[in-house]
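# Observations on the three-dimensional arrangement
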Amino acid sequence: MGRYNIMNFQWNETSRSYQYAVVGSWTDSLTIDTDKIVWAGQNREVPSSRCSRPCEFNEFKFVGKDGDTCCWACIKCQEWEYLKDEFTCEDCGVAMWPNADKRGCHRLPEQHINLVSVYALVPVILSCLGLIVTCIVIATFLKHNDTPVVMASGRELSYMLLGGCVLCYLVTFVLIARPSPITCAIQRAGIGLGFSVIYSSLLTKTNRISRIFDSARRSARRPPFISPKSQIVITLVLISIQVLFSIVWLVLERPGTRLYTPKNKRNEVILKCKTDDISFLVSLLYNIILIIVCTLYAIKTRKIPENFNESKFIGFAMYTTCIIWLAFVPIYFGTLNSFEVSFLITFLSICLSVSSSVRLHVEL
């Protein structure tokens, strides 16, 4: 059996030099006098004997291929991971985030547009102002309902156009509301319906004016389908096409909500309607066609006699509308994955309000 003396290399005050001093021995067991040991360093603290340092609360132990659990490397968990055990980090999953101690996960609060934020207040103020002005115009039309001025302006179509303006302003409030299956269904159907009512009315008006003057140049015969009832039927047919598209869309893609996580922002969860962003714009394709045709008719009737200057105002409204939509579509496509979702909703809401206001000038 081996017998050993345990020596400690320490400073000797008598000889003023470093010497070995016996502090213990080993025979059948260890005998050591820790009071005689002098440790290195200013604080003379007992050094720790270890292969690896203890890992922090957000780190896991990575053991090498040899499987020696006495030695490891401490690797930091990702921001979205929690410490499942001392050797494993695991992803919390979608809409989840690790607790402060990394020992578990909690559900992230679902973000949606705040009703008291500037993103909501600006569209709400615009919509309220638009509703007030529209109601004043409707009241004025009702007061002078049987006067020649109101009847000459196409009374029935004017009421439909004003109703479309009211619908667009009301849809703004649904757009900024908390997403739910009901609000999402109203958004998808209401936006296209409000636009189709407005553009169908304007298209029917400009088509009627164009046919009247084209017919007058060729003969004195009155063109067909220019009576108020005919105009209403034509407008309703145009609107029904958008209604049919909306119904098919709602059936094929049931309304609901989904959680959206922006890129590189796993700690944010945005509550959105369960609608593909591209399909949302496709749903407005019919209205874009109505805008283009209505604008062409507005250009065609721009030189009619001054007594029929309504077409000039319609032309101004359509030119402004084209500018608004040409600005909205590229911005919408260019910011699908990188911009704040609430701003897209706000921008669309403002477009609804401004577009409705422009058409309202036609009636004013």
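A brief report on the enclosed structure follows. As the structure is a computational prediction, the values presented were derived from the model and not from experiment.

A few words now on the packing of aromatic side chains. If you walk through the whole model with that rule in mind, you get six aromatic pairs. With 4.8 Å between their ring centres and 50° between their planes, phenylalanine 9 and tyrosine 20 make a pair best called tilted. You can see phenylalanine 9 sitting in strand 1 (residues 4-12) and its partner tyrosine 20 sitting in strand 2 (residues 17-26), a full 11 residues away along the chain. Relative accessible area serves as the criterion here: at 45%, phenylalanine 9 is assigned to the partly exposed category. Measuring from centroid to centroid gives 6.1 Å for phenylalanine 141 and tyrosine 159, while their planes differ by 70°, and the two rings are edge-to-face. On the criterion of sequence distance, the pair formed by phenylalanine 141 in helix 1 (residues 118-143) and tyrosine 159 in helix 3 (residues 155-175) is long-range, its members being 18 residues apart. In this structure phenylalanine 141 comes out as buried when scored by relative accessible area, which is 9%.

Another point: the environment of cysteine 168. Take cysteine 168: it is sitting in helix 3. Looking at cysteine 168, the relative accessible area reads 2%, which means it is buried.

With that out of the way, let us pick up the environment of serine 240. Among the structural elements, serine 240 can be located in helix 5 (residues 228-252). Spatially, the C-alpha atom of serine 240 lies 9.5 Å from that of valine 197, the residues being 43 residues apart in sequence.

On the basis of which strands lie adjacent, the open sheet formed by three strands has the order 1-2-3 and antiparallel pairing. Two strands close off the open sheet at either side, each with one partner strand: strand 1 and strand 3 (30-32). Strand-to-strand twist across the sheet, computed as the mean angle between neighbouring axes with direction ignored, equals 35°. As judged from the three bridges shared by strand 2 and strand 3, these two strands associate in the antiparallel manner.

Glancing now at the state of the cysteines. By the definition in use, this model includes four disulfides. One disulfide bridge connects cysteine 55 with cysteine 74, the sulfur atoms lying 2.1 Å from each other. Its torsion about the S-S bond being -95°, the disulfide of cysteine 55 and cysteine 74 is classed as left-handed. Remark: cysteine 74 occurs in strand 5 (residues 73-76) and cysteine 55 occurs in the loop between strand 3 and strand 4 (59-62); sequence separation between them is 19 residues. By relative accessible area, which is 21% here, cysteine 74 ends up partly exposed. Here cysteine 184 is linked by a disulfide to cysteine 273, with a sulfur-sulfur distance of 2.0 Å. Because the torsion about its S-S bond is -90°, the bridge between cysteine 184 and cysteine 273 counts as left-handed. You can see cysteine 184 sitting in helix 4 (residues 181-218) and its partner cysteine 273 sitting in strand 12 (residues 269-273), a full 89 residues away along the chain.

The rules behind the values
- Residues numbered from 1 in each chain as written.
- Predicted model: local features only at pLDDT ≥ 70, side-chain atom pairs only at ≥ 80, totals over all residues.
- Heavy atoms only, no water.
- Phe/Tyr/Trp six-rings, centres within 6.5 Å; stacked < 30°, edge-to-face > 60°.
- Helix = DSSP H or I, 4+ residues; strand = E, 2+ residues; numbered from the N terminus.
- Buried < 20%, exposed > 50% of the residue type's maximum accessible area, 1.4 Å probe, protein only.
- Pairing = 2+ DSSP bridges.
- Axes fitted to C-alpha atoms, helices over the stretch in contact; angles between N-to-C directions.
- Disulfide = S-S within 2.5 Å.

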